[in-house]
Amino acid sequence: MCVPGCQETVRHALSRRGLFKGALALGAVSAGIVAKPAHARPPARFTTTVDLTHTMSPEFPTFFGVAGIELEKKFDFHKDGYNLNWWHIIEHAGTHLDAPIHFSENGMSAEKIPADALVTALAVIDVTEKAAQNPDYLLSRDDLAAWEKKHGRLPENCCVAMHSGWDRHVSDPKFAGKDAAGVLHFPGFGPDAAEWLMKERSVAGLAVDTLSLDHGPSKDFKVHYAWLPSGRWGLENVANLDKIPAAGATLVAGLAKVKGATGGPARLIALV
Ligand SMILES: [Zn+2]
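This write-up is about the structure you can find in this document. Here the structure is a predicted model, which means the values were calculated and not measured.

**Quick notes on the packing of aromatic side chains**
- What the rule picks out here adds up to six aromatic pairs.
- Considering the side-chain rings of F63 and F64, the 5.9 Å spacing of their centres and the 75 degrees angle between planes classify their relative orientation as edge-to-face.
- Overall, the relative accessible area of 28% leaves F63 in the partly exposed class.
- By relative accessible area, F64 is classed as exposed at 53%.
- Measuring from ring centre to ring centre gives 5.0 Å for F75 and Y82, while their planes differ by 25 degrees; the resulting arrangement is stacked.
- Taking the relative accessible area as the measure of exposure, Y82 reaches 39% and is therefore partly exposed.
- Directly above the ring of W227 sits R232, whose terminal nitrogen or CZ lies 5.2 Å from the centroid.

Here's what the structure looks like:
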């Protein structure tokens, strides 16, 4: 299985000056896959990098309500001559990637996602006003249509990010807010919107600035179950989507490469 993003390899070389010098080669990642033309390749140059990653700590809210990481000091500079921690982490905590195998029996695990598929054009869908009115807001097909009306067709093999404004709640209980009945409340992708992206557009991944691709109250995880088994990936707890343009940025998802992992911590950098 191959994600849409790996069917088309648009390589960009990062020069010593730190500038993309343009597409160098168009090829296929694996044998037998025909490369498609690059309709909307990532920008050839960038002037700014924006960190889309939250700082991970034991305090960072998690879906499970327990610490997503624990650091155990194994070696101390004063005692041992150097500092070194052992980490105990949840695969899906902090800013992280969901690999296809997370919600499928035989999907791709994290280390098998090709590097090319982790560098994509980034389309940011602003639903901040709607999410402010409705914490359970589902990003809709209308939201996608509104983006395309303004910015043109979604780029080939892009990442579509929901910007709900939720990352500003990361230090308050609202981020993973549970009501009296224990139901979570935060926005997410609507299943119909995700389905449309799968059928009608070429999208490598979804990204959200919340804990989950599905909105808080979801019990059936429809978006996860549709999106990930199709070979596509997802990013959760993305930060700083308000600091990048709605169109034109390139995402570099630096994913931890662990054998058999169902996802993992990611350093997300936008090239603007
Ligand atoms: Zn996850």
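This is not the end of the story, as more comes after the structure.
**Considering the pattern of salt bridges**
- Summed over all chains, the structure comprises eight salt bridges.
- Residues R201 and E148 are paired through a salt bridge, measuring 2.8 Å at the closest nitrogen-oxygen approach. Taken together, the residues R201 in the loop between α5 (191–200) and β11 (203–208) and E148 in helix α4 (residues 141–151) connect sequence positions 53 residues apart.
- According to the relative accessible area criterion, R201 is buried, its value standing at 16%.
- Take E148: its relative accessible area is 15%, and that puts it in the buried class.
- For D242, the salt bridge goes to K243, with nearest N and O atoms at 3.7 Å.

Procedures and definitions
Residues numbered from 1 in each chain as written. Predicted model: local features only at pLDDT ≥ 70, side-chain atom pairs only at ≥ 80, totals over all residues. Heavy atoms only, no water. Phe/Tyr/Trp six-rings, centres within 6.5 Å; stacked < 30°, edge-to-face > 60°. Buried < 20%, exposed > 50% of the residue type's maximum accessible area, 1.4 Å probe, protein only. Lys NZ or Arg CZ within 6 Å of the ring centre and 35° of its normal. Salt bridge = Lys/Arg side-chain N within 4 Å of Asp/Glu carboxyl O. Helix = DSSP H or I, 4+ residues; strand = E, 2+ residues; numbered from the N terminus.

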